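Topology and contacts: notes
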Amino acid sequence: MQNTNVPQGWNIKKLDSIATIQRGRFSVRPRNDPAYYGGDTPFVQTGDISQSEIFLKKYSQTLNDKGVAVSKIFPKNTILITIAANIGDTAITTFPVACPDSLIGINNKSCDVFWLNYFLQTQKNKLNGLATQNAQKNINLETLNNLKIAVPPVAEQKKIAEILGTWDRAIEELSNLIIEKKELKRGLMQRLLTGTQRLPGFYDDWEHEMLGNMVNISSAGSKSQYIEKSGRYLIVDMGAVSNEARIIAKKQTNYTHDFLSCGDIVMPKDDIGGGNIIGKTVVIDADNKYILGDHVFKLRIKNTYEAKFISNLINSFLVNKYMRRMATGSAQLGLAKRDVEKCVLWLPVDPAEQKAIADVLSKADSEIDLLNQQLDVLKEQKRGLMQKLLTGEVRVNVDKKD
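Everything numeric here is computed off the predicted structure, so don't read it as measured data. (Residues numbered from 1 in each chain as written. Predicted model: local features only at pLDDT ≥ 70, side-chain atom pairs only at ≥ 80, totals over all residues. Heavy atoms only, no water.)

1. What to know about the nonpolar core
Condition: Within this scheme, the nonpolar core is defined by two criteria: the residues are buried Ala, Val, Leu, Ile, Met, Phe, Trp, Tyr or Cys, and they are joined through side-chain atoms within 4.5 Å. Whether a residue is buried, partly exposed or exposed follows from its accessible area with a 1.4 Å probe, protein chains only, as a fraction of its type maximum: under 20%, in between, or over 50%, in that order. Secondary structure counts use DSSP, requiring at least four H or I residues in a row for a helix and at least two E residues in a row for a strand, with both numbered from the N terminus. Two residues qualify as a contact provided that any one of their heavy atoms is within 4.5 Å of a heavy atom in the partner residue.
Membership of the largest hydrophobic core comes to 37 residues, with the highest contact counts inside it found for L211, L299, I310 and M323. Put simply, the parts of the chain that give this core at least two residues each are α7 (154-192), β15 (215-218), β18 (265-268), β22 (296-301), α8 (307-315), α9 (317-326), β24 (344-348) and α11 (351-391). Top contributing element to this core by residue count: α8, with five residues. Not counting residues up to four positions away in its chain, the partners in contact with M323 are L211, M267, I278, G279, I314, L335, V340 and C343. Counting 35 residues, the second largest nonpolar core, distinct from the first, contains I21, L116, A131 and I149.

Here's what the structure looks like:
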């Protein structure tokens, strides 16, 4: 925000002139001492804030009376902002909470708390740029105290917050609908992929078969040296498949070997951390679009098996649980080809039934994808609106009664 072009009626102020800014406190070493935990007072961590939208609704730990005695309690309607790791994430408390010194509590003195929270959301990149690097990047109280804000009259603040709140409610409703659709799909997968529910017209038996008899499994080397910003193709390597079994490849290349073909199944075989992407599969949807990188298996279907059905079956709870259980390693988990080949699947003998089940699940995926696209549009529209309203580029009409 530029201070040289302040909207009429607005005033440039430092954050500490319109709000009280205080660091969280938990004066215990070591911090994981169990004697202080397990009571009724929410103890909020950086991750709880980063996973919130507007309001803080969940928390990962609680403190007992002994823990509260060495902490600071922030009241309801406090803005909590992260000052380390994911710097600049915010959430408004909906109940009294305690928090460590990696969070700062901001309580409004002469402004609308919801307007202030929206403003702070727009400052995330700026605050991250002001961070100092020690063991990890962080910002201090002085940085926040001196943060300059173009402050509109309180009535205008409330109107801005009201307008943006309408968008947030629409985003929340759509997000909840997506969650509901995903749950419905999970239930559908459980019934259709176990034979508990049969589709009309199919009565043939199901059979057990090892995955190695159904697909040819191969891998490729690293494409790191071939990455180009304007490349025509996308590299599928570790991290190119999401834990929701979607292609999220971003690395580009003009390398013209190791092409994946339409109908190939890709499966991350390595993962750093919890292994959440190991064994997740996606069916490639086009020829000459993706290049196979390292840390990923390519599964090419043999005979008349249906690729989308096999992929959904591997992504089902029990099969994916097997894949994760077979992964070994410490810093980096890895899945061996032989263990994938030995995985036993339960599936219809009739390829037509496989295809019919895959079509039903694909339709459910398409509905979820469409809702996600609508959600992305809403979020982008809200970002644009925030930029206009919070800088005064677009002014709101304030009724006299406000």
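Next, the rest of the story.
2. Some words on the environment of N108
Put simply, the test is: Polar contacts here mean pairs of N or O atoms no more than 3.5 Å apart (in protein, one a potential hydrogen donor and the other a potential acceptor; neighbouring residues in sequence count only if both atoms are side-chain atoms).
By the secondary structure assignment, N108 is in strand β10 (residues 103-108). Overall, N108 belongs to the partly exposed group, its relative accessible area being 34%. Spatially, the C-alpha atom of N108 lies 7.9 Å from that of T78, the residues being 30 residues apart in sequence. A polar side-chain atom of N108 sits 2.7 Å from the main-chain carbonyl oxygen of C111.

3. Describing the sheet that holds β10
Rules: Two strands make a pair as long as DSSP finds a minimum of two bridges between them.
A sheet is described by the order of its strands in space; here five strands give the open sequence β2-β10-β7-β8-β4, paired in mixed fashion. The open sheet has two free edges, formed respectively by β2 (19-23) and β4 (55-56), since each of these has just one partner strand. Two elements, β2 and β10, share five bridges in a ladder whose sense is antiparallel. Bridging from a neighbouring strand, T20 pairs with N107 of β10.

4. Structural notes on α11
The cut-off we apply is this: Between the first and last residue of a helix there are one fewer steps than residues, each counted as 1.5 Å, and that sum is the expected span.
In this model α11 runs 59 Å from its N-terminal to its C-terminal C-alpha over 41 residues, within 8% of the 60 Å that 1.5 Å per residue would give. For α11, the N-terminal cap is D350; the gap from its side-chain oxygen to the backbone nitrogen of A352 is 2.9 Å. Backbone geometry just after α11 places G392 at a positive phi near 80 degrees.

5. Description of the packing of α8 against α11
Basically, it comes down to this: Axis angles are defined between N-to-C directions and span 0 to 180 degrees, where every axis is a line fitted to C-alpha atoms and, for a helix, only to the segment in contact. Oblique is the label for every angle not falling under 35 degrees (roughly parallel), over 145 degrees (roughly antiparallel), or within 65 to 115 degrees (roughly perpendicular). Handedness of a crossing follows from how the near helix is turned relative to the far one, being left-handed for an anticlockwise turn of less than a right angle and right-handed for a clockwise one. Charged means Asp, Glu, Lys or Arg here, nonpolar means Ala, Val, Leu, Ile, Met, Phe, Trp, Tyr, Cys or Pro, and polar covers whatever is left, Gly included.
Contact geometry for α8 and α11: axes closest at 8 Å, N-to-C directions at 65 degrees. With respect to α11, the element α8 is oriented roughly perpendicular. For the crossing formed where α8 meets α11, the hand is left-handed. Where α8 approaches α11, its residues K308, F309 and N312 are matched on the opposing element by Q354, I357, A358, L361 and S362. Per-class residue counts for the contact of α8 with α11 are four nonpolar, three polar and one charged.

6. Describing the confidence of the model for the protein
Spelled out, the test is: As a per-residue measure, pLDDT reflects the predictor's confidence and takes values from 0 up to 100.
Across the protein, the average pLDDT comes to 93, with 98% of residues at 70 or higher. Across the protein, the element-wise mean pLDDT spans from 75 in strand β11 (residues 132-133) up to 98 in strand β21 (residues 290-292).

7. Some details on the pairing of β10
Counting buried residues along β10, five of its six residues qualify, which places the element largely inside the surrounding structure. Relative to β10, strand β7 (residues 79-82) runs antiparallel, the two being bridged by four bridges. By the bridge assignment for β10, L80 is matched with G105.

8. Considerations on the sheet that holds β22
Sheets are built from strands paired through backbone hydrogen bonds, the pairs being either parallel or antiparallel. Pairing in this open sheet of four strands is antiparallel, and the strands run β15-β22-β18-β20 from one edge to the other. The sheet terminates laterally at β15 and β20 (282-283), the two strands that pair on one side only. As paired elements, β18 and β20 share two bridges and run antiparallel to each other. Opposite V266, over in β20, you have V282 as the bridge partner.

9. Focus on the packing of helix α4 (residues 113-121) against α7
To describe two helices that pack against each other, one gives the angle between their axes and the distance between the axes. Closest axis-to-axis distance for the α4/α7 pair is 8 Å, and the angle between their directions is 65 degrees. With respect to their mutual orientation, α4 and α7 come out roughly perpendicular. Considering only the axes of α4 and α7, their crossing is left-handed. Contacts between α4 and α7 involve F114, W115 and Y118 on the former and, on the latter, Q157, I160, A161, L164, G165 and D168. The residue inventory of the contact of α4 with α7, partitioned by class, reads six nonpolar, two polar and one charged.

10. Observations regarding the pattern of salt bridges
Heads up, the rule is: The rule for a salt bridge is simple: a side-chain nitrogen of Lys or Arg has to be within 4 Å of a carboxyl oxygen of Asp or Glu.
Under the criterion given, the structure shown has 22 salt bridges. One salt bridge connects R198 with E353, and the closest N-O pair in it is separated by 2.8 Å. Placement of R198 in the loop between α7 and β14 (206-210) and of E353 in helix α11 is noted, with a sequence separation of 155 residues between them. Overall, the relative accessible area of 31% leaves R198 in the partly exposed class. D339 is the salt-bridge partner of K342, the closest N and O atoms lying 3.7 Å from each other. Of this pair, K342 and D339 both sit in helix α10 (residues 337-342), three residues apart, roughly one helical turn. K342 sits in the partly exposed class, given a relative accessible area of 47%. Given the relative accessible area of 8%, D339 is considered buried.

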